[in-house]
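Structure assessment
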Amino acid sequence: MTRIPLLRKILWGMVVLAAIGAVVVQLRQPAPRVEAAFRPEFSLADAAGKIRTNAEFRGRYLLVFFGFTNCPDVCPTTLAEVAQVMEGLQTQAAKVQPLFISVDPERDRRLGLTEFTAAFHPSILGLAGDDAATRAAADSFKIFFEREPDAAAPDGFTMSHSPRLYLIGPEGDWLRQYDYGTPATEILADLKSRL
Amino acid sequence: MRNILLGGLTLALFAGAAQACETVTLGDLSIGHAWSRATIGEGRPAVFYVEITNAGAADDALTGIATPAATMPMLHETVVTDGVASMPHAMSVPVLAGQTTELASGGYHGMLMGLTSALKEGDSFPVTLTFAKAGAVTVNVEVLSLRAEGPECDDAN
């Protein structure tokens, strides 16, 4: 008679342990990312000083990268991918406008924005607004950038920034992001499925 | 016209890739795929990528780079943390035994600041790599297009 309750205790103990385990597993899983639809806005000067806004690109997809022209690694790699994507789109290329938004606008205007973007692809439009407009655009895209003091870097600072590509739809809706390192072929296939 | 342009770009991407495919050896280390990207002017820093294979049994480390092409060459690492890319200095790059270490896009790379002149596609320049144990060796770095993603080598590394 005494052995049965013991077995029961053990079994109930296991049930309790399993329940605790399930709760722990549940808690450790990251909360699902809610990517509610939003429409990023920007109002930034192009290389010629003309203010360009998101409104004028309605009806086209925007492929947006925030970077700076003094960036030797991440930015050229990503813009080279954008160039491949634009070439791969062929006749559909007109439906996509790639944007390079400078997070280091003052220096990039001085160094030359157009010669940088054109070196990758003539269709890439470089934008470099003033500091307030740049911050507003980044906030609107919900991205982060920061000027970091770095005595060893040119001009004594470098930039940390979100290295992703953002896709904005023809209605201005934020559609998705492509993480840094996403192959151009993958981006191209995704774009083609939408066009 | 468009096709001619595209053809030109394709050629530019692959032209002269042979040099970057050369391998030099230093003891147990073999160093190859040394390349850089063309720069627009000399005011912007250039990049230096290379591949180091350590066939030996002992770990080593790349502790420095030097080149006549730039007054301030440094080792950096691109780090992406919580969706933000930054580029801290790397004091040294581990070159572990039996492994191939890449200085490549999105990871460790050389940053060449204070260029003595703009890097033009098709040019090459020497970079001397200093290792903690193996000593120093000089490789020829090939300047590829600004759009290049790496040299095209037959060994498909």
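Residues numbered from 1 in each chain as written. Chains lettered and ligands numbered in written order. Predicted model: local features only at pLDDT ≥ 70, side-chain atom pairs only at ≥ 80, totals over all residues. Heavy atoms only, no water.

Right, let's get into the overall build of chain B. Helices and strands together make up the secondary structure of chain B, namely one helix and twelve strands. Listing the helices and strands of chain B from first to last along the sequence gives α-β-β-β-β-β-β-β-β-β-β-β-β. Out of the 157 residues in chain B, the part that is buried amounts to 45%. When contacts within chain B are restricted to residue pairs at least 6 apart in sequence, those whose partners lie at least 24 apart make up 67%. When the accessible area of chain B is evaluated, it comes to approximately 7200 Å², of which 55% is carbon and sulfur surface. (Helix = DSSP H or I, 4+ residues; strand = E, 2+ residues; numbered from the N terminus. Buried < 20%, exposed > 50% of the residue type's maximum accessible area, 1.4 Å probe, protein only. Contact = heavy atoms within 4.5 Å. Areas by Shrake-Rupley, 256 points an atom, 1.4 Å probe, with all protein chains shown as cover.)

Bringing the packing of helix H2 (residues 74-89) of chain A against helix H6 (residues 184-194) of chain A into the picture now. All names here are of chain A. Remark: H2 packs on H6, axes separated minimally by 9 Å, with the N-to-C direction vectors making an angle of 45°. What the angle tells us is that H2 and H6 run oblique. The two elements H2 and H6 meet at a crossing, and its hand is right-handed. On H6, the residues touching Glu81, Gln84, Val85, Gly88 and Leu89 of H2 are Ala184, Ile187, Leu188, Leu191 and Lys192. Grouping the amino acids of the contact of H2 with H6 by side-chain chemistry returns six nonpolar, two polar and two charged. (Axes fitted to C-alpha atoms, helices over the stretch in contact; angles between N-to-C directions. Parallel < 35°, antiparallel > 145°, perpendicular 65-115°, else oblique. Left-handed = near helix turned anticlockwise from the far one by under 90°. Nonpolar A, V, L, I, M, F, W, Y, C, P; charged D, E, K, R; others polar.)

Turning next to the pattern of salt bridges. All names here are of chain A. Taken as a whole and judged by the stated rule, the model has eleven salt bridges over all chains. Across the pair Arg39 and Asp173 runs a salt bridge, and its minimum N-O distance is 2.7 Å. You can see Arg39 sitting in the loop between helix H1 (3-28) and strand E1 (43-45) and its partner Asp173 sitting in the loop between strand E8 (165-168) and strand E9 (174-178), a full 134 residues away along the chain. With relative accessibility at 43%, the residue Arg39 sits in the partly exposed group. Owing to a relative accessible area of 23%, Asp173 belongs among the partly exposed residues under this scheme. With its nearest N and O atoms 3.1 Å apart, the salt bridge here joins Arg194 to Asp190. Within this pair, Arg194 and its partner Asp190 are both found in helix H6, separated by four residues, close to a single helical turn. When its relative accessible area of 30% is taken as the criterion, Arg194 is described as partly exposed. (Salt bridge = Lys/Arg side-chain N within 4 Å of Asp/Glu carboxyl O.)

A few words now on the nonpolar core. Formed by 53 residues in total, the largest nonpolar core has its most connected members in Phe42(A), Leu63(A), Val64(A), Phe66(A) and Leu191(A). Tallying contributions element by element places H2(A) first for this core, with eight residues. (Core = buried A, V, L, I, M, F, W, Y, C linked by side-chain atoms within 4.5 Å.)

So, on to the side chain of Thr101(B). Residues and elements named next belong to chain B. Assignment of secondary structure puts Thr101 in strand E9 (residues 100-103). Here Pro94 takes part through its backbone oxygen, which lies 3.4 Å from a polar atom of the side chain of Thr101. Residue contacts for Thr101: discarding those within four places in its chain leaves Val50, Glu51, Ile52, Val93, Pro94, Val95 and Leu96. (Polar contact = N/O pair within 3.5 Å; in protein donor to acceptor, adjacent residues only side chain to side chain.)

Let us now look at unusual backbone geometry. Although it is not a glycine, Gln90(A) sits at a positive phi angle of roughly 50°. In this fold, Gln90(A) is placed in the loop between H2 and strand E4 (96-102).

What follows deals with the packing of aromatic side chains. Residues and elements named next belong to chain A. According to the stated counting rule, one finds ten aromatic pairs over all chains in the structure shown. For the ring pair Phe66 and Phe141, a centre distance of 5.2 Å and an interplane angle of 70° mean the geometry is edge-to-face. Of this pair, Phe66 sits in strand E3 (residues 61-67) while Phe141 sits in the loop between helix H5 (131-140) and strand E6 (145-149), and the two are 75 residues apart along the sequence. Of the two residues, Phe66 and Phe141, both sit in the buried class. (Phe/Tyr/Trp six-rings, centres within 6.5 Å; stacked < 30°, edge-to-face > 60°.)

Next up on the list: the interface of chain A and chain B. Each side of the interface is counted separately: chain A has 32 residues, and chain B has 31 residues. For the pair chain A and chain B, the two sides together bury roughly 2500 Å², of which 58% comes from carbon and sulfur. At the boundary of chain A and chain B, one finds one salt bridge. With its nearest N and O atoms 3.2 Å apart, the salt bridge here joins Arg147(B) to Glu87(A). (Buried area = accessible area lost by both parts, 1.4 Å probe.)

Let us look at the pairing of strand E11 (residues 124-131) of chain B. Residue and element names in this part refer to chain B. Where burial is concerned, the two faces of E11 differ: the one with Phe125, Val127, Leu129 and Phe131 is buried and the one with Ser124, Pro126, Thr128 and Thr130 is not. Examined bridge by bridge, strand E4 (residues 60-66) and E11 share four bridges and lie antiparallel to one another. Residue pairing across strands places Leu62 opposite Phe131, the latter belonging to E11. Note that E11 and strand E12 (residues 135-144) share eight bridges and pair antiparallel. Considered in E12, the bridge of Val127 is made with Val139. What sits between the antiparallel neighbours E11 and E12 is a turn of three residues. (Pairing = 2+ DSSP bridges.)

Applying the stated rule across the entire model yields six cavities of 30 Å³ or more. Considering only enclosed or pocket space, the largest cavity measures out at about 120 Å³ in volume. Lining of the largest cavity is provided by 14 residues; of these, Pro76(A), Ala38(B), Thr39(B), Pro45(B) and Leu146(B) occupy positions nearest its centre. Of the pockets and cavities examined, the second largest cavity occupies roughly 70 Å³. Lining the second largest cavity are Phe68(A), Cys71(A), Asp73(A), Val74(A), Thr158(A), Met159(A), His161(A), Thr78(B), Ala85(B), Ser86(B) and Met87(B). A total of three residues in the lining of the second largest cavity trace back to one element, the largest contributor, which is strand E7 (residues 157-161) of chain A. Across the lining of the second largest cavity, the residue classes break down as six nonpolar, four polar and one charged. (1 Å grid on protein atoms, 1.4 Å probe; cavity = no way out; pocket = protein on both sides within 12 Å on 5 of 7 lines; lining within 4 Å. Points joined across faces, edges and corners; volume = space filled by probe spheres on them.)

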